[in-house]
Every structure is written in structure tokens, then in C-alpha cells.
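Survey of secondary and tertiary structure
Residue strings, one per chain:
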Amino acid sequence: MDYKLHIAQKLKIEGVSSDEIYQALSLPPNSEMGDYALPCFKFAKVLRMSPVVIAEKLAASFETDETVSNVSSINGYVNFKVNKTSLAAGVIGKILDEGEKYGSSDIGAGKTICIDYSSVNIAKPFHIGHLSTTVIGGSLYKIFKFLGYNVVGINHLGDYGTQFGKLIAAYKHWGDKDEVQKGGIHAINDLYVRFNNEADAEMEKEAREYFRLIECGDKEANELFDWFKQLTLDYVKTIYEKLDITFDSYAGERFYTDKMQPVIEELQDKGLLTESEGAKIVDLEKYGMPPCLILRSDGASLYATRDLAAAVYRKKTYDFYKCLYVVAYQQNLHFKQVFKVLELMGKEWAKDLVHVAYGMVSLEDGAMSTRKGKVVWLEDVISKCVEKAYQIINEKNETLENKKEIADIVGVGAVIFGALYNSKIKDIVFSYDKVLSFEGETSVYVQYTCARANSVLIKSGSEWIFPEGYTPNALESEVIKVLETFPATVSAAADKYEPSYIARYAVDLAQKFNKFYIDCKILTAEGDSKNFRLALTAATLRTLKNALKLLGIGVPEKM
Ligand code: ARG
């Protein structure tokens, strides 16, 4: 049972919903005071009473019961003590009962969420800048599925633009079929970079011609384009596999070629399209934004035009409840414009489009800079992390079996966790040492805690039976209280589009468990204590695994 919910529903405060009360209930810093606390400061205005008086009144009128054994008030806080015995039995029972499903719900049943994420650019490097969109989107995908939503993962490929003309021109001049086939995306990228460095006016002209040929369906140009696209996709899919990322659709920008015209006509019909220096725009001055460019003066469509068509298509195809765009904050204005234009078109569902913006990732050793041609490929970051993980594991425990497999899980997990631990909007500096630390706030620490728990359970050998009526000590209760909040943490992560909530939760739970583990003997305890501690260990391991799984991170049996 959800103890917070139970308390929130029993508390009646005029003009305040039980949901608001639920949100306000917090864990007091010192558990001597209580297990939950309600600060009454924010109700002072509605109730026109001092927080101290409110807290006193609430405490006096609250009837204790099976679950809440004691209520008191102090300095504007109401403190609740729950019945530890029933809390422990309830929480652990639920976790062991539900297993992999603990934390899930069916709140999303019947609703579809589209998530546009990773959205790589064809024939361009898949670099560290794509890390956040890929893992934040990938985690949101798992979180919403866990909550019962139907989720559509969309890779809105950047496969449209004049650069493909350049690429074909470069290939025609310098390319070699076998080399490109073998070198894949790296070879393509080299050709592209070479074009940008060396192309003369003649080659630029050729590039424009090739682009035109792609556009008008020329067979050879399109075959080359499809080949480059395939090579890019083959490559990125190997990385998606490592990161446990999946997509349901790879409909990229090019997919919308024939879907833009109806949107443009609709804009025209609704009187939203105006001309400006030969271009067609939607004027957004009234809304404090620069105009949204729809067609260039040469008639070419733009990134925004394709996003408008894509949103309309997604609504028609998936009838989404929400459509998320996991894209860097640099594109804030772009999405504000696109969403506004759709609203002006009268699409009432424009309110369901959400730009899930995130900050920049740079590497500790020299920021990544595409302009200087110093691109850091994501693949290299992952390999380096796996390699370093191997070294560390080897140093710690040379005789460990399957060190390679374990290093894979640990190294990849560290890359993902490094990008998910902080609130997504923050810029982050990626440091190998930091993400691979056994001590810090890392996936390695959480995985190590799992391995520790696992080893205790294996060593215990026999089956344990949960001791009904057992009253946990303070350290045990601390673990239980964190265990209890997992479902609420998952829904909060979904509400705020913040996988970081789950990452932080995992660290918090691991820390509380380790405190318990260090101070309370498990295997050498006796009777009920031993049984209870083993059950608590199993419940913690299960919950940590569920949490990491939602982030796309695995757990080795041993470390
Ligand atoms: N390919 C784009 C980029 O790398 C991101 C696309 C995001 N999705 C979208 N529907 N605009 O910047």
C-alpha cells in the first residue's frame, strides 16, 4: 500500500486537494521525528491561519489507525509515524510478489505516447552530442511502457538536404565502392569532410545537380543515397543495440516529402501564409517570435515545414495522447514556432506536443567541437568506458569469471548513467573517472550494491520465510521507506520527463541499503532477524534492478 497516499487521503484541508497534500508530504531529515512530515506553510494563505496552528489542528483531528501509529505537530509541521511492522510486511510482500513489475502501473492503458528521439543525421557522425537524446528518449520509452502506455519510438532521421548532393559528388570524384562499403559511416564522413575542404565551384555545381536528381527520383542518385542511408543505419543500430535502444519507426525527414504540400495549402487556406522577400512565412511577431519559414524563395521546404507535416502525420497515424521531442535546448525556438503554427492552424492537439529539452554534453578532456573537425564519436566514448571498466574490475577482482561481459555491462551502464544522473536541462561535463567510480553517485556503485546483495542471497543457501509481525530496526526501516517510494518515483519521472529521478532514486536506495548492510549482519543473524534481512535484501535487489532497467542499464550477477 502507498502510505503517503493513505495519509494524504485521510487529511482533509479545506481548499486543498489530496493530490496537493500528497505532493507536499515529505520524508523528514531525522526519522526520530516521524516517517512522513507535512509542512503547513503553504496552506497558511488559503486557510488564513498560521502554519503552527494549522499543524496543531491537523494533528489533533487525525485519527491514528493500523498504518499510522502516531501523529504530532511541531513548528508548523505535522509528523506521522507509521506502523513499521505493517509497513515492512506490506512493502516487502508487494515487491517480492510483483517482482519485475514492481513500480509499474496501467495508468497509461489506452493512451499512446510518441517519442521522437536520437533522430540521427544520415551520413554524419553519431557523436557524443547525440548521447543525451538517445538515452533520455530511450529511458522515457521504457518508463512510459512500464506505466502501461502504448509507446511509439520515432527516429526522425535527418535524411533530407543539399549535403546528400555534395556527398554524391564527392563519392563520384574520390570514392571507391569497396572502401565505402567496408568503411561505412566513417568513410562517408571522410568524403563529406573532404568535399567541404576541397570542393571548387565546379563541384559545388555538380552537388546541386545531384541533389536535384535525388529530388526528382533519378535512379542512380537515389540508389547511392539509399546506400549511404543504409550504411549509416547499419552503423547506428550497432550502437542502439549496445545501449538497449529500440525504435518503432525510422520515418525521417524525407518521408514527409509528399506530405508537406497539404500542410502548406492548409496554411494558405487559413490565411496564415505571407510572403516575405520571396519566401513564404508564418508571421509570429505577435507572439514575440521571429517568423516561421515555410518555403524558401526557391521553393525549397525547410526543417520546420517537415516538422509540421510530421506532427500532422503522427496525430493522424497514432492519435497520440502526447508527442515528445527529445531534442537539445538549442532548438527551443524551433519547437516553440512549430507548436505555435499548429495551434494557429486550429489543431487543438498542439497542446499535447512537448519539447523535452536537454543540456549539452562535453568531454572533460577538451570540449567537443564539430567546427574544428574534432568530433568525438559516441562509439569511442563507449569503447573507452568499457575498456576502463575492464581495467578497474581486473584490478579489484582478478579471478572474476566473465570479466569481459561484466565490463561491457558496467562500461555501457556508466555512459548511460553519466548522461541521466543530472536534471536533463543541465549542461554536463563527461568524465570517465567520475562515471566509473565505485564510490560516487554512479551506476557502478549501484551495480556493485546489487552484486553484493546477490552474493548474500546466494550464500544464504536455504529458502527464507518472511517473519510476520517482525518489527524492523531503524536502519532496516530506512531501506523500507525508500523501497516504498519507487512506484511514486517512476510516475514522477514520467510526469516531469526526468529519468534522473530514477537514477537518483537508485543511488539513494543503494546508499541506504549499504548502511544497513554494513551495520546489520545478515548471514550470521538468527531466526526472524535473518529471515527478515534476507527478504529485505531480495526486495532491494529487485527494486534496484527494476530501476536500472528503466534507464537501460543491466546488472551483472557478480562484480
Ligand atoms: N536531426 C535533428 C538534429 O540532429 C534532430 C531532429 C529532432 N526531431 C525533430 N522532429 N525535429 O538536430
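Glancing now at the sheet that holds strand β2 (residues 68–74). An order of β1-β3-β2 is seen for the three strands of this open sheet, with the pairing classed as antiparallel. What marks the edges here is a single partner per strand, and that holds for β1 (36–39) and β2. Strand-to-strand twist across the sheet, computed as the mean angle between neighbouring axes with direction ignored, equals 20°. As paired strands, β2 and strand β3 (residues 77–82) are joined by six bridges and run antiparallel to one another. Looking across to β3, one finds that V71 is bridged to F80. Contacts between helix α4 (residues 51–61) and the sheet are confined to β1, β2 and β3, with β2 contributing the most and set at about 160° to the helix.

Applying the stated criterion to the full structure yields 25 salt bridges. Of the charged contacts in the structure, one is a salt bridge between D116 and R314, with a shortest N-O distance of 3.0 Å. Of the two residues, D116 is situated in strand β4 (residues 112–116) and R314 in helix α12 (residues 303–318); the sequence distance between them amounts to 198 residues. Residues R212 and E209 are paired through a salt bridge, measuring 3.0 Å at the closest nitrogen-oxygen approach. Of this pair, R212 and E209 both sit in helix α9 (residues 201–215), separated by three residues, roughly a single helical turn. Assessed through its relative accessible area of 44%, R212 is described here as partly exposed.

Moving on: a nonpolar patch on the surface. Taken together, the side chains of M33, F41, I74 and Y77 present a nonpolar region at the surface, about 360 Å² in accessible area. Residue placement: M33 occurs in the loop between α2 (18–24) and β1. Note on M33: relative accessible area 37%, which makes it partly exposed.

Our focus in this paragraph is the packing of aromatic side chains. Given two aromatic rings, one states the distance between the centres and the angle between the planes to describe the pair. Within this structure, the stated rule accounts for 31 aromatic pairs. Note on Y102 and F486: the rings are 5.8 Å apart at their centroids and 35° apart in plane angle, and the pair reads as tilted. Highlighted residues: Y102 in the loop between α5 (84–98) and β4 and F486 in helix α19 (residues 486–495), separated in sequence by 384 residues. Under the relative-accessibility criterion, F486 is labelled buried at 0%. Taken together, the ring pairs connect Y117, F126, Y141, Y240, F247 and Y250 into an aromatic cluster. A cation over a ring is seen here: K111 above Y321, with NZ or CZ 4.8 Å from the ring centre. Between R254 and the ring centre of F225, over which it is positioned, the NZ or CZ distance is 4.7 Å.

On to the environment of G552, then. Within the secondary structure, G552 sits in the segment after α21 (527–551). Separated by 343 residues in sequence, G552 and E209 place their C-alpha atoms 44 Å apart. The residues touching G552, leaving out its near neighbours within four places in the chain, are K142, L243, D244 and I416.

Okay, the environment of R533 next. Considering the arrangement of structural elements, one finds R533 in helix α21. Note: C-alpha distance between R533 and P467 (66 residues apart in sequence) is 9.9 Å. With sequence-adjacent residues up to four places away left out, R533 is seen in contact with Y470, N473, E476, F516, C520, K521, I522 and A525.

The ligand sits among D116, S119, N121, H156, Y303, D307, Y325, V327, Q331 and F335. One nitrogen or oxygen atom from the side chain of D116 is found 2.7 Å from a nitrogen atom belonging to the ligand. The separation between an oxygen atom of the ligand and a polar side-chain atom of Q331 is 2.9 Å. In isolation the ligand exposes 350 Å². Once the protein is present, 86% of that is buried. When contributions to the shell around the ligand are tallied by element, the ones reaching two or more residues are α12 and β9 (322–328). Classifying every residue of the shell around the ligand gives four nonpolar, four polar and two charged.

Cut-offs used in this document
- Residues numbered from 1 in each chain as written.
- Predicted model: local features only at pLDDT ≥ 70, side-chain atom pairs only at ≥ 80, totals over all residues.
- Heavy atoms only, no water.
- Pairing = 2+ DSSP bridges.
- Helix = DSSP H or I, 4+ residues; strand = E, 2+ residues; numbered from the N terminus.
- Axes fitted to C-alpha atoms, helices over the stretch in contact; angles between N-to-C directions.
- Contact = heavy atoms within 4.5 Å.
- Salt bridge = Lys/Arg side-chain N within 4 Å of Asp/Glu carboxyl O.
- Buried < 20%, exposed > 50% of the residue type's maximum accessible area, 1.4 Å probe, protein only.
- Patch = residues over 30% accessible without salt bridge, like charges linked within 9 Å, V, L, I, M, F, W, Y side chains within 5 Å.
- Areas by Shrake-Rupley, 256 points an atom, 1.4 Å probe, with all protein chains shown as cover.
- Phe/Tyr/Trp six-rings, centres within 6.5 Å; stacked < 30°, edge-to-face > 60°.
- Lys NZ or Arg CZ within 6 Å of the ring centre and 35° of its normal.
- Near = heavy atom within 4 Å.
- Polar contact = N/O pair within 3.5 Å; in protein donor to acceptor, adjacent residues only side chain to side chain.
- Nonpolar A, V, L, I, M, F, W, Y, C, P; charged D, E, K, R; others polar.

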